[in-house]
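Listed below are the residues making up each chain.
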Amino acid sequence: MEKEKQGFLDFAYQLYKTMKTNEISLVYEGEVTQEITKTFTSLTEKSLSKNAESNTVQKKVFNVMVECLQNISKHADSLTDEDEERRGIVMVSKGDDSYNIITGNIIKNERVQSLKDSLEHINSLDKAGLSTLFKQQIKESTISDKGGAGLGLIDIAKKTGSKLIYQFKELNDQVSFFILTSTIKRN
Amino acid sequence: MEVINIKGTDDTPNVILDKASGQFELSGRSLPEDVNQFYGSILDWIDAYAADPLDRTEFNFKLEYFNTASSKIILDILLKFEEIVENGKEVIIKWHYHEDEEDMLEAGEEYSDIVEIPFDYIVYTD
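Procedures and definitions
Residues numbered from 1 in each chain as written. Chains lettered and ligands numbered in written order. Predicted model: local features only at pLDDT ≥ 70, side-chain atom pairs only at ≥ 80, totals over all residues. Heavy atoms only, no water. Helix = DSSP H or I, 4+ residues; strand = E, 2+ residues; numbered from the N terminus. Buried < 20%, exposed > 50% of the residue type's maximum accessible area, 1.4 Å probe, protein only. Contact = heavy atoms within 4.5 Å. Areas by Shrake-Rupley, 256 points an atom, 1.4 Å probe, with all protein chains shown as cover. Lys, Arg positive; Asp, Glu negative; His and termini not counted. Charge placed at Lys NZ, Arg CZ, Asp CG, Glu CD. Rg over C-alpha atoms; globule rule 2.2 N^0.38 Å. Buried area = accessible area lost by both parts, 1.4 Å probe. Salt bridge = Lys/Arg side-chain N within 4 Å of Asp/Glu carboxyl O. Polar contact = N/O pair within 3.5 Å; in protein donor to acceptor, adjacent residues only side chain to side chain. pLDDT = per-residue confidence, 0-100. Pairing = 2+ DSSP bridges. Axes fitted to C-alpha atoms, helices over the stretch in contact; angles between N-to-C directions. Phe/Tyr/Trp six-rings, centres within 6.5 Å; stacked < 30°, edge-to-face > 60°.

Time to look at the overall build of chain B. The number of helices and strands found in chain B is three helices and six strands. For chain B, the α and β elements follow one another from N to C terminus as β-β-β-α-β-α-β-α-β. Here chain B holds 126 residues, and the buried ones make up 56% of them. Taking all contacts inside chain B whose residues are at least 6 apart in sequence as the whole, residues at least 24 apart take part in 69%. Carbon together with sulfur atoms contributes 43% to the accessible area of chain B, which is approximately 5600 Å² in total. Put simply, chain B has 9 plus and 30 minus side-chain charges, and the middle of one group is 6 Å from the middle of the other.

Structural data, given as structure tokens:
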């Protein structure tokens, strides 16, 4: 029992050290709701303005966080069909020259290929191409039942000016874990 | 027409739609989870307005931030005003953006590429 307690204390300290070393300002795993989205974005906004980050960067970070979190709250699948909660992980880290927003969520294997295709397509475009795609998509799209317009990833790529970094890890024959990293340059 | 005057929150914008005083404004933040719920009555109001608009409508957009679902709704709003233009009345969009926010200026330019309404871009500093 004592040993187990000690193990947790060590883990907490290791986690703290890792977060400090990598300047991770936020880690979360759980249900992603509008309330969570509002809380995290306002926390991050406060910490950025405390760090005297430029307005432009603050707005971009805010923007990308909202889109990433609302993507999870609208599209995340769950491990089992009975489970309706939309969960995910969220991490915000600060590097020397950029902020990284990392999100992860479960996705059904049958949806992986089309998401991969969209990501590849977005990554193949330059700024002008993204703007054209955005304008085309915004005209054609309709707001889904979930309240999305299918524009989130294009918007993230446009606003960050960086390629979307992603990975799919197959968990079993039903679902995979989708990880997306968005990078916002600090100058 | 009734006046719509909605006070903004941390995820919904200020909305003023007042035909009598000629005030049309959307400002602040727009990132509601359910855009249809928030904007439903606003779109209905604009539909009714479009049936009998003023000779000249000046619509101020002074948004600090909006999510992509709201960006679709903003296009829907602009398309309704485009119809007013097509019916021979004057509409002008005053698109305000903060000097540090090129993204907001670009968003306005993208809308003006899509709809046939004149846009005025107005820069502000805090």
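Quick look at the overall build of chain A now. Summing up its helical and strand segments, chain A has six helices and five strands in all. Along the chain direction, N to C, the helices and strands of chain A fall in the order α-β-α-α-β-β-α-α-α-β-β. In terms of overall size, chain A behaves like a compact globule, its C-alpha atoms giving a radius of gyration of 18 Å where 187 residues would be expected to give roughly 16 Å. Counting only C-alpha atoms and orienting by the principal axes, one finds that chain A spans roughly 60 × 45 × 30 Å. Here chain A holds 187 residues, and the buried ones make up 47% of them. Across chain A, contacts joining residues at least 24 apart in sequence account for 68% of those joining residues at least 6 apart. Total accessible area on chain A stands at roughly 10400 Å², and carbon and sulfur atoms take up 52% of it. For chain A, the distance from the average site of its 26 positive side-chain charges to the average site of its 27 negative ones is 8 Å.

Turning our eyes to something else, we now look at the interface of chain A and chain B. Counting residues at the interface gives 31 residues for chain A, matched by 26 residues for chain B. Together, Lys59(A), Ile138(A) and Ile143(A) form the three largest contributors to the area buried by chain A at its contact with chain B, with a combined 22%. On the surface where chain A and chain B come into contact, there are nine salt bridges. With its nearest N and O atoms 2.8 Å apart, the salt bridge here joins Glu106(B) to Lys127(A). In this structure, the connection of chain A to chain B is made through 16 residue pairs in polar contact (both at pLDDT 80 or more).

For the rest of this paragraph, the subject is the pattern of salt bridges. Tallying each qualifying case throughout the model produces 22 salt bridges over all chains. Of the charged contacts in the structure, one is a salt bridge between Glu29(A) and Arg87(A), with a shortest N-O distance of 3.1 Å. Note that Glu29(A) is positioned in strand β1 (residues 24-31) and Arg87(A) in strand β2 (residues 87-94), a separation of 58 residues in sequence. Exposure remark for Arg87(A): the relative accessible area of 33% places this residue in the partly exposed category. Here Asp103(B) ties to Lys60(A) by a salt bridge, and the two come within 2.8 Å at their closest N and O atoms. Separated into two different chains, Asp103(B) in helix α3 (residues 102-114) and Lys60(A) in helix α3 (residues 55-75) make up a pair that spans both.

It is worth spelling out the confidence of the model for chain A at this point. Mean pLDDT over chain A works out to 91, with 98% of the residues at or above the 70 mark. Considering each helix and strand of chain A separately, the mean pLDDT is smallest for helix α1 (residues 2-21) of chain A, with a value of 88, and largest for strand β4 (residues 165-170) of chain A, with 97.

Turning our attention to the sheet that holds β2(A). All names here are of chain A. What the five strands build is an open sheet, ordered β1-β2-β3-β5-β4; its pairing is antiparallel. Single-partner strands in this sheet number two, and they are β1 and β4. Each strand axis lies, on average, 10° off the axis of its neighbour in the sheet, ignoring direction. Where β4 and strand β5 (residues 175-185) come together, six bridges link them in antiparallel fashion. Each bridged residue has a counterpart across the sheet, and for Phe168 the counterpart in β5 is Phe178. Helix-sheet contacts for helix α2 (residues 34-50) involve β1 and β3 (98-108), and the interaxial angle to β1 is about 180°. The sheet contacts of helix α4 (residues 109-123) involve β3, β4 and β5, and relative to β4 the element is tilted by about 165°.

Relative to strand β6 (residues 119-124) of chain B, strand β5 (residues 90-98) of chain B runs parallel, the two sharing six bridges. Among the inter-strand pairings, His98(B) is bridged to a residue of β6(B), identified as Tyr124(B).

Take the packing of aromatic side chains next. Applying the stated criterion across every chain, the model contains 18 aromatic pairs over all chains. Aromatic side chains Tyr28(A) and Phe40(A) sit 4.9 Å apart centroid to centroid with 75° between the ring planes, which places their arrangement in the edge-to-face category. Separated by 12 residues along the polypeptide, Tyr28(A) in strand β1 and Phe40(A) in helix α2 bring together distant segments of the chain. Judged on exposure class, the residue Tyr28(A) and its partner Phe40(A) are both buried. Taking the centre distance of 6.2 Å and the plane angle of 35° together, the rings of Phe24(B) and Phe59(B) count as tilted. In this pair, Phe24(B) is assigned in strand β3 (residues 23-30) and Phe59(B) in strand β4 (residues 56-66), connecting sequence segments 35 residues apart. For the pair Phe24(B) and Phe59(B), one class covers both residues: buried. Joined through ring pairs, the aromatic side chains of Phe24(B), Trp45(B), Tyr49(B), Phe59(B), Phe61(B), Phe66(B), Phe81(B), Trp95(B), Tyr111(B), Phe119(B) and Tyr121(B) make up one cluster.

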